[in-house]
Each structure stands twice: as C-alpha cells, then as structure tokens.
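# Breakdown of the fold
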Amino acid sequence: MSPYFKKGGERMKEESVCRDFRCPEFIPAGTPDDFCIPEDCCPTRIPQPKYPSPNSCLPEEELEELEAKIDAINEMLLDIALSGEREQNQIFEISFDGLVGQEVIVKLNCPSLTNENKNLSVKGRVFLVGQDFVLLKRKKTDVLIPFEQILLVKLKNRFAEPNPEPNLADIDPCFRRKLTFNFGEVVSSSPELIQIFFRLTIKIYMMLLVGEKVKVTLDGVKMKGIICDVHDESFTLKMKNKEREIPLNNLCKLTFKSK
C-alpha cells in the first residue's frame, strides 16, 4: 500500500523518515542505479491515459515556412564552418583532439636556446587539450604549451597510445544526484569535470600547479622555480630569494615533473 494511504501515526512516521532522509556516504553493493531515493518514499504511480502531442502548435503552412528558415540557417552555419573562418584556438582544439595519444613534434614561435636562428621544437604525446593550451606527456615530464605560441604541428608516428576517457555512466547514485541538482557548484569545484564539460583554460590548469617546481621557457630565456600564485594575465615564479611576475602571453612552454 502506498504511504499516502496509510493511517495516522504510521503515515506521519514514514513521511518524517522520507523528509529527513540524506544520501549515505557509501552505497552498498547491488543498490539500484537511481538518484539515491528510497523506494518507500515514492508514491505508487497511478496509471493515466497518454495522448500523443502534435509536432507543433503552428498551422501547417507556418510550420513549413519555419522549417525552411531553419534549413537555410543550418546551411549558412555549415558554409561558415567549412570556410575556415575559425578562431586560432578553435582550430588547434579540433586539430589536437584528433591527435590525442599520438606522438607529435610542435614547432613554437620562440627562438631555440642553443641557436637563435632556429625555432624551438617540443616532442611529446598529446595528453590533454584545453581551451587555449595543449599538454604533452614525455617519459618523466609534462610540457604545457599555449596555443598562441604554436607555429606548426607534425605527427611523429601513426600509433596512438590509449588514453582512457572519463566516463560518467558508472558514477554512484549520490554523485549523480549532486551533479544533476547542483551542477554549477559540483562542476566548478572539480578540474576534471570542468575539463569534461567545458575544457580547462591555461589559467585554471596552472592553478593546479601552485607549489610545484617548474621550468619556464620564455623568449630565449629559461628559468627554474616554484609557482606561488596565478593571476588573470600572469603568474608569480619564486626563484631562490626572489620572485618574478611573468605575463602568460610571454610564456613559450612550461615543463614540470609528471605525476
């Protein structure tokens, strides 16, 4: 019998239990993949007649006219997409997305530290693609490269190393509930979720490196230090007994130890 049809104290007791219920920290094995709501707190669904709704509330002539306009707009958007009129960051996003797991050689718009007449090149495996940067993985180090410093990308080989993609299909019920009903709060507090839904920016990613030892390569200059702060357009590098403010626009690459 549904709890809404129970009598007196029994019904009030069950309503109190449902009202005060909180998701547990741990979900027992075999728990249904739901939103962490006890079955006893859900009323029995009463069968109701169902009627199909029309495709539109518009008259047929107006609907045809609207669909024609939508088709025209879609064609225009497709023409723009194929015309090459894309922002530089968007072009690199799409390019590197297709190279995840691949070994590449990235030529930068920065002079080589050993030969000023040559440009700096970086080799590595494409690991993470942000909004305005790419992260390359090497044997012992990771290299962060801003998109605006990239001149050319060459594929080193055709064999991609598998890179497990994040999967939200198997998350536990309590986390699914939090993600559904508190999306902004949950996602904004997790760099992993920001990357899945929106992609990280170079500023946000560098915030994760605060306190880490890094090697910073600028225009013909190389420095070592610890990132102690990150701002909107710059970051602070602590080197021994002094600190230096470095504009993000001047950064050629950032190298740090792989985790």
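Look up: the structure comes first, before these words.
Residues numbered from 1 in each chain as written. Predicted model: local features only at pLDDT ≥ 70, side-chain atom pairs only at ≥ 80, totals over all residues. Heavy atoms only, no water.

### Re the packing of aromatic side chains
The full count for this structure, using the stated rule, is 8 aromatic pairs. Look at Phe-133 and Tyr-205: their rings are 5.4 Å apart centre to centre, the planes differ by 45°, and that puts the pair in the tilted class. One end of the pair, Phe-133, is in strand β3 (residues 133-137); the other, Tyr-205, is in helix α7 (residues 202-207), with 72 residues separating them in the sequence. For Phe-133, a relative accessible area of 0% gives the class buried. Look at Phe-197 and Phe-198: their rings are 6.5 Å apart centre to centre, the planes differ by 50°, and that puts the pair in the tilted class. When its relative accessible area of 35% is taken as the criterion, Phe-197 is described as partly exposed. Its relative accessible area of 49% is what places Phe-198 among the partly exposed residues. By way of ring pairs, the aromatic residues Phe-92, Phe-96 and Phe-147 are connected into one cluster. Here the guanidinium or amino end of Lys-137 rests over the ring plane of Phe-127, the centre of that ring lying 4.8 Å away. (Phe/Tyr/Trp six-rings, centres within 6.5 Å; stacked < 30°, edge-to-face > 60°. Helix = DSSP H or I, 4+ residues; strand = E, 2+ residues; numbered from the N terminus. Buried < 20%, exposed > 50% of the residue type's maximum accessible area, 1.4 Å probe, protein only. Lys NZ or Arg CZ within 6 Å of the ring centre and 35° of its normal.)

### Quick notes on helix α3 (residues 88-97)
Phe-92, Glu-93 and Phe-96 are the residues of α3 that are buried. Along the long axis of α3, the arc covered by the buried residues comes to 105°, so they all point the same way. On its buried side, α3 packs onto β1 (103-111), β2 (119-129), β3 and β5 (150-155). (Arc of directions from axis to C-beta. Contact = heavy atoms within 4.5 Å.)

### As for a nonpolar patch on the surface
Taken together, the side chains of Phe-183, Ile-196, Phe-197 and Phe-198 present a nonpolar region at the surface, about 350 Å² in accessible area. Its location among the elements puts Phe-198 in the loop between α6 (191-197) and α7. (Patch = residues over 30% accessible without salt bridge, like charges linked within 9 Å, V, L, I, M, F, W, Y side chains within 5 Å. Areas by Shrake-Rupley, 256 points an atom, 1.4 Å probe, with all protein chains shown as cover. Salt bridge = Lys/Arg side-chain N within 4 Å of Asp/Glu carboxyl O.)

### Focus on a positive patch on the surface
A surface patch of like charges, here positive, comprises Arg-138, Lys-215, Lys-222 and Lys-224. Mapping Lys-224 onto the fold places it in strand β7 (residues 222-230). For Lys-224, a relative accessible area of 57% puts it in the exposed group. (Lys, Arg positive; Asp, Glu negative; His and termini not counted. Charge placed at Lys NZ, Arg CZ, Asp CG, Glu CD.)

Functional significance is not addressed by these values, which are geometric in nature.
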